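Inside the fold
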Amino acid sequence: MAVNSVLLQPGWMSGTLLSDVIVAFILVVVVKSVVVPTVNFFNAHRKLWKTVPSPTPHWLLGHVLQLPHNDAGYRKRVEMIRDFPFMFCHQISWFVNLVFLYHPEPIKKLLTTQHPKGYKTVKHLLGNGLITSSGKKWQRHRHLLTPVFYFEVLKSYVKTFNESIPLLTDWLEKVAESGESGDICKQLAILSYSNLSQCVMSQPAYKDGTPMPYAKAIETFSQTSMKRLYNPLMWSDKVFFRTKMGKEMLEACNTVHDAVRKIIRDRKQVLTQSDKNERVSCATEDGTFLSFQSRKNKSLDFLDMLIQAKDEEGQGLSEQDIVDEVTTMFSAGQETTANAMSWFCYLLAKNQDWQEKCQAEVMEVCGSDGEILWEDIPKLKILSLCVKETLRLYPVASMVGRTLTSDMTFKNPYSSTQTVTLDKGTAVVINFHTLHRHPDFWEDPEAFDPERFTAERSKDRPPFAYLPFSGSYRNCIGQNFALNQIKVTFCHILRRFRLRLPPGVKNIAMDPALTLQPHNGLPVKVEKI
Ligand code: HEM
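Model, not experiment: these values are computed from the prediction.

A count of helices and strands for the chain gives 19 helices and 15 strands. Viewed in the frame of its principal axes, the chain has a C-alpha envelope of about 105 × 60 × 45 Å. Taking all 529 residues of the chain together, 50% fall into the buried category. Partitioning the contacts of the chain with sequence separation of at least 6, the portion at a separation of at least 24 is 70%. Carbon and sulfur atoms make up 58% of the accessible area of the chain, which amounts to about 25700 Å² in all. A gap of 5 Å separates the mean positions of the 63 positive and 54 negative side-chain charges of the chain.

What follows is the structure, given as C-alpha cells:
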C-alpha cells in the first residue's frame, strides 16, 4: 500500500481514531511548548554570538573556566579590553548568555533608558522595594523616598556616625596595644550595621556584641544567596525552596519581615501619641520646605519619614511597602559601605604618603579631638579625592544587571559604521570594575592616584566613565549618606591611629561575593599617634 494511503487511514498511529487524536494533540503541545521555544532560544543565542564579539567559549561550559567569578576572573576581564574594547558576550553555560558593557557610550545609552533589573533571587527579601521594583511602582516610591536623603536631612545622621565611632576606635586601641595585626573588615561591618540601624529605625543592630535577630537573619540571607549564586542547580525556585538552604532563606526572610513589621507598628503608635506640633522641617533641593512630626527629643529617622510620606494625591506607603523599603536599605546600604571602608583602609595602609596627607588635612580641619562637624565634611578635599579613587579601583557594587525591554542599537565607538543591535529580552551586565580600569579613559589605570579626580584632570573624562553609584534614573539614592559616613569614620581613625599592612602582606585579592570585598578579610597593624 502506498505511504499516502496509510497515513490517511483512521488509527494509523495508534489503532483507533480517538487515540490518534489524543496522540496528535500531545505532539502539538510538545512541539509548541518545548520544541519551538528551544529552537527560538538557540536561534536567539546563535544570533547574539554572531552579533557581539566574544572570546572562543568552551562548547559546554562557555566562559565559566576562562572568566571565573573571582579575583583572577575580574583581572582577566580587564585584560580583555585590549581585544574587546566595547562589549563582549559572556557565556555562563550553553544556556545562559550575558552581554557585558564597560565602555561609557553604551552604558550611558542603557542607563538613560529604563529597563528592569530582574534581581529575582533577592526578591523574597526585598519584595517590591526600590532595588527590585520597576515602572510606575518604582517611580512613585523613588519620589516618596527622596526626602529621606535630602541634604538637610543627612545633616542629622552625622551625629549618629560620631556617636557610634567607639565601636571601631575601642577595637583599634586594643589591636594597637596588642602589637599584633587584626582583621578590620568585621569591625567595619559592625559599625556600618549600627549606623544604618540607628538612622533607619533608631534600633541597635547589636546587643552586648551579639547581632539582633533581624540583623542575624539578613546575614543568613546574604550567605544563602551567595551559595545559591554559585550553584546553578539551585537557580530554579522550584528546586531551591525544596532544599534545606532554601527553607533556611525563607525562614530568614520571615524573621526580618516580622521584626520590621513590629517596629513599624510600634512606631506608628508612638507617633499617634506624640505631640502633633513637635515637628522637624527641612529644605528640599527646589527650595520648598517639608515638615515631619517628630518623637519627643528624638532625631528624625528614615522610618518617621516613610510613615508620614505622602504623594500629590495625599496617598502614603502601605505597611508592606515600608517593610520592603526598610529591608532594601539594609541590603543596599550595609555591606556596600562596610566594604568601601575596608578597601579605603587597605589603600591608605598601602600608600603611606597619602595616609599622611589625609591625616594632616583632618588635623587641620577637624582638630585632634571632639565631634566631626557637618560643616567640616566639604572642607576635606584630599580625603574626598582618596575616597573617589578607592571607589574607582574597588567599586563595591561592581556589576549591575538589566533585561532589555526593547531592542537596542549601540554605535561602536571604535568604528564609524558598525552598530550592534541587542534584541528585547537580552540580559545585559554593566561591569563598573572593568569600566573604571578602561585604559582609554584612565591613565595608568591600576595605580592609586587620587589626583586624577582634580577638576583639571577630570574635565575631559566622559561622565559615564566613573559610576561607583551607577548613573541616571536608577543611581544610588544613598550615595551621600554613604560618603558622609565614610568621611566621618576616617576622620576619627586618622587623627588617632596609623594603619599599616602587616609585614609580608603586599596585595589583597578581591572576592566578588554579593559586593566586592577583600578575600579572607583585611589584616592591619595599628599604631597610636
Ligand atoms: C559605598 C556605598 C554604596 C555603593 C557603592 C552603592 C552603589 C549602588 C549602585 C551601583 C546602585 C545601582 C544598582 C542597580 O542599578 O542595580 C545602587 C542602588 C541603590 N542603593 Fe546604593 N550604594 C551604596 C550605599 C548605599 C546606602 C548607604 C544606601 C541606603 C541607605 C543605598 C541604597 C540604594 C538603593 C535604595 C538603591 C536602588 C535605587 C533605585 O533603583 O532607585 N546604597 N547603589
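Having put the structure on the table, let's press on.
So, on to the coordination of the iron atom of the ligand. When only protein atoms are considered, the iron atom of the ligand has one donor, Cys476 (SG), at a distance of 2.3 Å. Of note, Cys476 is situated in the loop between helix 18 (455-458) and helix 19 (479-494).

The geometry of an aromatic ring pair is captured by the separation of the ring centres together with the interplanar angle, meaning the angle of the planes. In this structure the tally under the stated criterion is 19 aromatic pairs. Taking 5.0 Å as the distance between ring centres and 70° as the angle between the ring planes, the aromatic pair formed by Phe240 and Phe241 counts as edge-to-face. A single burial state applies to Phe240 and to Phe241, both of which are buried. Taking NZ or CZ as reference, Arg228 lies 4.2 Å from the ring centre of Phe240, over its face. One residue, Arg461, lies across the ring of Phe453, its end atom 5.5 Å from the ring centre.

Now for the side chain of Gln308. Considering the arrangement of structural elements, one finds Gln308 in helix 13 (residues 302-308). Among the polar contacts made by the side chain of Gln308, one reaches the main-chain amide nitrogen of Gln293 at a distance of 2.7 Å. If sequence neighbours within four positions are ignored, Gln308 has contacts with Leu271, Arg279, Phe292 and Gln293.

Turning our eyes to something else, we now look at the UniProt feature "transmembrane region" (unreviewed entry) in the chain. On the UniProt side, "transmembrane region" (unreviewed entry) is annotated at positions that read residues 21-42 and 84-103 here. Here residues 21-42 is 100% helix and 0% strand, with 30 Å between the C-alpha atoms at its ends.

For the rest of this paragraph, the subject is the sheet that holds strand 15 (residues 523-528). Strand pairing within a sheet occurs via backbone hydrogen bonds; the two strands may be parallel or antiparallel. On the basis of which strands lie adjacent, the open sheet formed by three strands has the order 3-15-12 and antiparallel pairing. If you trace the sheet from one side to the other, it starts and ends with strand 3 (181-183) and strand 12 (497-500), each paired once. Along the sheet, successive strands turn relative to each other by an average axial angle of 45°, direction set aside.

Taken together, 29 residues lie near the ligand, and Tyr119, Trp138, Arg142, Arg474 and Cys476 sit nearest. Between Lys117 and the ligand, the recorded distance is 2.8 Å, taken from a side-chain N or O atom to an oxygen atom. Interatomic distance of 2.8 Å between a side-chain N/O atom of Arg402 and an oxygen atom of the ligand. For the shell around the ligand, the secondary structure elements donating two or more residues are helix 6 (135-145), helix 14 (319-350), strand 8 (399-403) and helix 19. Counting residues per element, the shell around the ligand draws most heavily on helix 14, which supplies six residues. Residues belonging to the shell around the ligand are distributed by class as follows: 19 nonpolar, six polar and four charged.

Thresholds, definitions, all that
- Residues numbered from 1 in each chain as written.
- Predicted model: local features only at pLDDT ≥ 70, side-chain atom pairs only at ≥ 80, totals over all residues.
- Heavy atoms only, no water.
- Helix = DSSP H or I, 4+ residues; strand = E, 2+ residues; numbered from the N terminus.
- Buried < 20%, exposed > 50% of the residue type's maximum accessible area, 1.4 Å probe, protein only.
- Contact = heavy atoms within 4.5 Å.
- Areas by Shrake-Rupley, 256 points an atom, 1.4 Å probe, with all protein chains shown as cover.
- Lys, Arg positive; Asp, Glu negative; His and termini not counted.
- Charge placed at Lys NZ, Arg CZ, Asp CG, Glu CD.
- Donors = N, O, S within 2.8 Å, 3.2 Å for Na, K, Ca; no water.
- Phe/Tyr/Trp six-rings, centres within 6.5 Å; stacked < 30°, edge-to-face > 60°.
- Lys NZ or Arg CZ within 6 Å of the ring centre and 35° of its normal.
- Polar contact = N/O pair within 3.5 Å; in protein donor to acceptor, adjacent residues only side chain to side chain.
- UniProt positions renumbered as here; feature names shortened; annotations may be inferred.
- Pairing = 2+ DSSP bridges.
- Axes fitted to C-alpha atoms, helices over the stretch in contact; angles between N-to-C directions.
- Near = heavy atom within 4 Å.
- Nonpolar A, V, L, I, M, F, W, Y, C, P; charged D, E, K, R; others polar.

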